[in-house]
Every structure is written in structure tokens, then in C-alpha cells.
Amino acid sequence: MSQLDSLNPSAIPLEDEALRHEVRIFLTEAMRGVPAHVRARSWMGYDPAFSRELGRRGWLGITFPQVYGGAGRSAFARYVLVEEFLNFGAPVGSHWIADRQSGPLLLKYGTEAQKQRYLPAICRGEAFYCIGMSEPGAGSDLASVRTRAVHNESGWLLNGQKIWTTNAHNCHFMIALVRTSGEANRSPQGLVAGDRGLVLAGRHGAAHHGPVGRQPFL
Ligand SMILES: Cc1cc2nc3c(=O)[nH]c(=O)nc-3n(C[C@H](O)[C@H](O)[C@H](O)COP(=O)(O)OP(=O)(O)OC[C@H]3O[C@@H](n4cnc5c(N)ncnc54)[C@H](O)[C@@H]3O)c2cc1C
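Residues numbered from 1 in each chain as written. Predicted model: local features only at pLDDT ≥ 70, side-chain atom pairs only at ≥ 80, totals over all residues.

A word on the site of the ligand. Lining the immediate surroundings of the ligand are Cys130, Ile131, Gly132, Met133, Ser134, Gly139, Ser140, Asp141, Trp164, Thr165 and Thr166. Residue composition of the shell around the ligand, by class: four nonpolar, six polar and one charged. (Near = placed C-beta within 6 Å. Nonpolar A, V, L, I, M, F, W, Y, C, P; charged D, E, K, R; others polar.)

So, about unusual backbone geometry. A positive phi angle, close to 60 degrees, is found at Trp164, a residue other than glycine. For Trp164, the location among the structural elements is in the loop between strand 3 (155-159) and strand 4 (173-178). (Helix = DSSP H or I, 4+ residues; strand = E, 2+ residues; numbered from the N terminus.)

Both strand 2 (residues 148-152) and strand 3 contribute to a ladder of five bridges, which runs antiparallel. The residue bridging His151 from the neighbouring strand is Trp156, located in strand 3. From the end of strand 2 to the start of strand 3, which pair antiparallel, there are two residues. (Pairing = 2+ DSSP bridges.)

Below, the discussion takes up helix 5 (residues 75-88). Over its 14 residues, helix 5 runs 20 Å from end to end, which matches the ideal 20 Å to within 8%, given 1.5 Å per residue. Along helix 5, the positions that sit buried rather than exposed are Ala77, Arg78, Val80, Leu81 and Phe85. Buried residues of helix 5 fall within an arc of 160 degrees about the axis and therefore sit on the same side. Turning to helix 5, the residues buried within the fold contact helix 1 (14-17) and helix 2 (19-30). Count one or two residues on from helix 5 and you reach Gly89, which has phi positive near 70 degrees. (Expected span 1.5 Å × (residues − 1). Buried ≥ 20, exposed ≤ 12 C-beta atoms within 10 Å, placed from the backbone. Arc of directions from axis to C-beta. Contact = placed C-beta atoms within 7 Å.)

The element strand 4 is largely enclosed, with a buried count of six among its six residues. Both faces of strand 4 are covered, namely the face carrying Phe173, Ile175 and Leu177 and the face carrying Met174, Ala176 and Val178.

What follows covers the packing of helix 6 (residues 93-109) against helix 7 (residues 112-123). It is at 10 Å that the axes of helix 6 and helix 7 come closest, and there the two elements cross at 165 degrees. One finds that helix 6 runs roughly antiparallel with respect to helix 7. Of the two possible hands of crossing, helix 6 and helix 7 adopt the one that is left-handed. For the pair helix 6 and helix 7, the contacting residues are Ala98, Asp99, Gly103, Leu106 and Leu107 in the first and Gln114, Lys115, Tyr118, Leu119 and Ile122 in the second. Residues that form the contact of helix 6 with helix 7 fall into these classes: six nonpolar, two polar and two charged. (Axes fitted to C-alpha atoms, helices over the stretch in contact; angles between N-to-C directions. Parallel < 35°, antiparallel > 145°, perpendicular 65-115°, else oblique. Left-handed = near helix turned anticlockwise from the far one by under 90°.)

Across soluble globular proteins, nonpolar side chains show a tendency to be buried alongside one another. Residues Leu81, Leu119, Ile122, Ala127, Tyr129, Met174 and Ile175 are the most contacted members of the largest nonpolar core, which totals 41 residues. When residues of this core are traced back to their parent elements, those giving at least two are helix 2, helix 4 (48-56), helix 5, helix 6, helix 7, strand 1 (129-132) and strand 4. Ranked by residues supplied to this core, first place goes to strand 4 with six residues. The residues that make up this core include at least three from each of domain 1 (14-123) and domain 2 (129-202). Non-local contacts of Tyr129, meaning those with residues more than four positions away in its chain, are made with Ile97, Ala98, Ser102, Cys171, Phe173, Met174 and Ile175. (Core = buried A, V, L, I, M, F, W, Y, C linked by C-beta atoms within 7 Å. Domains from an automatic or database assignment.)

Below, the structure written as C-alpha cells:
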């Protein structure tokens, strides 16, 4: 018996599966005439107008609570959406990380004020995010992160270097892993409490948007 046999697959609920028809109608029209080499980019495809249209239809942040601009629907609904977007080669790159990583992270670890401030714009397809983890010398081993955040009167001043940051040049925000104290430490124990912070950094200047909660990250 394989380990997979112990899983209990579930079917997509009917109300979520019903979304597929509506999405296909939209995508058939929206993607008409788009050449194959453009469709092939799909999750790397940058198209802010397309993202805003998805937001207008309630298809971004679809699992986020309604109070933050989401639709409060299940992960199955999101699964149906993503499956169809990628199947059609839709340009989902602008909002991809905000919708699937940064938004859920803010939802789980953000303060109430951060949720109210940032999540609705993600759901409208107006705020694009990137992930600032990797650095020269700190790939898999994030304990080696050297970028430093120093608190000053106007917020957090970040100094350091991030690399491999997917879509950074097109994003409004980066959620960055930085050091608020301590030194880079290559030990397998990783960063110790208090030496780490996930900072939501705005694109322009070093404006402070605050550590995303103060939760242990690793
Ligand atoms: C397409 C793409 C997009 C990316 N986008 C982003 C992004 O948006 N933001 C971001 O922050 N990063 C991004 N990255 C970086 C990525 O997430 C990894 O952090 C990075 O690729 C790993 O670092 P490295 O290549 O220096 O490998 P290394 O960290 O040098 O690792 C090299 C090899 O050693 C292994 N290894 C490492 N440590 C150990 C250990 N302790 N024990 C045993 N084996 C080990 C690794 O598994 C790997 O096989 C992206 C990478 C790719 C390929």
C-alpha cells in the first residue's frame, strides 16, 4: 500500500465547480487571438488591466473574508479559478504572488490595521507584491540573511541586497525577510527569536509599513 492510498480525495463541491463555466466564458473572450508564445508566459505574464478586471469580478482574494474585500469562498473555488487561468495561459503574473502568498500571509500574521489597509487593494487587483527572501550568500539558508532593518522616527530603514525576486520591478510592495538585530548566523538552528522580522516594504523610499506581526517565521 502506498502512502497515497491513505489519502481521502474529495470532489470539488458543486457550487465551486459551477464557477468554471463562468470563468471559461470570460477567458475565451479575453484570450481570443492571444498568440501561443504570450499564453505560455501565463504566471509570468504582467497585465495590470487584466488583474483589475479579475478584481472587479471578485476573482482575486476569493478566499479572503468579505470584510477585507474578498469573497469568503473556499479553497476549491480558488483551485477552479487557478486551473482555468493557467489552462488558458491567462496573464496572472501581476497579482500572482499577492493573491496566493502575500495576501494569505498578511491574513494570518498581519495586524488588524495591516489587514484593513492592504488586503482590499490586493482583492481589487491594484497592489502587486514580491517576496524578498534570497540574498547573495543566502539562498536556501535564510539564517544567513544580512539585510538589516533599523527603526527610526519615520519607520524602518532597510539596507541590504535581495536577488531572484520574481517580478520585483513591477511590484508595489515587497514582503522582505530582514534582520532587526543580531548577526547573520549560518548555524542550522537558524535565526533566533527577536533576530528576524518580516517587513512589508513599500516600493518608494524606505517607508515603514511595519513588521508583519511578530510571528516566528521559520
Ligand atoms: C524561478 C525562481 C524564482 C525565484 N523567485 C524568488 C523570489 O521571488 N524571492 C526570493 O526571495 N527568492 C526567489 N528565488 C530563490 C529561491 O527561492 C531559492 O532561495 C534559491 O534558488 C536557493 O538558493 P541558491 O540557488 O543559492 O541555492 P543554495 O542555497 O546555494 O543551495 C544549493 C543546493 O544546496 C542544497 N542545500 C542548501 N542548504 C543545504 C543544507 N543545509 N543541507 C543540505 N543541502 C542544502 C540545496 O537544496 C540546493 O540543492 C527564486 C528562484 C527561482 C529559481
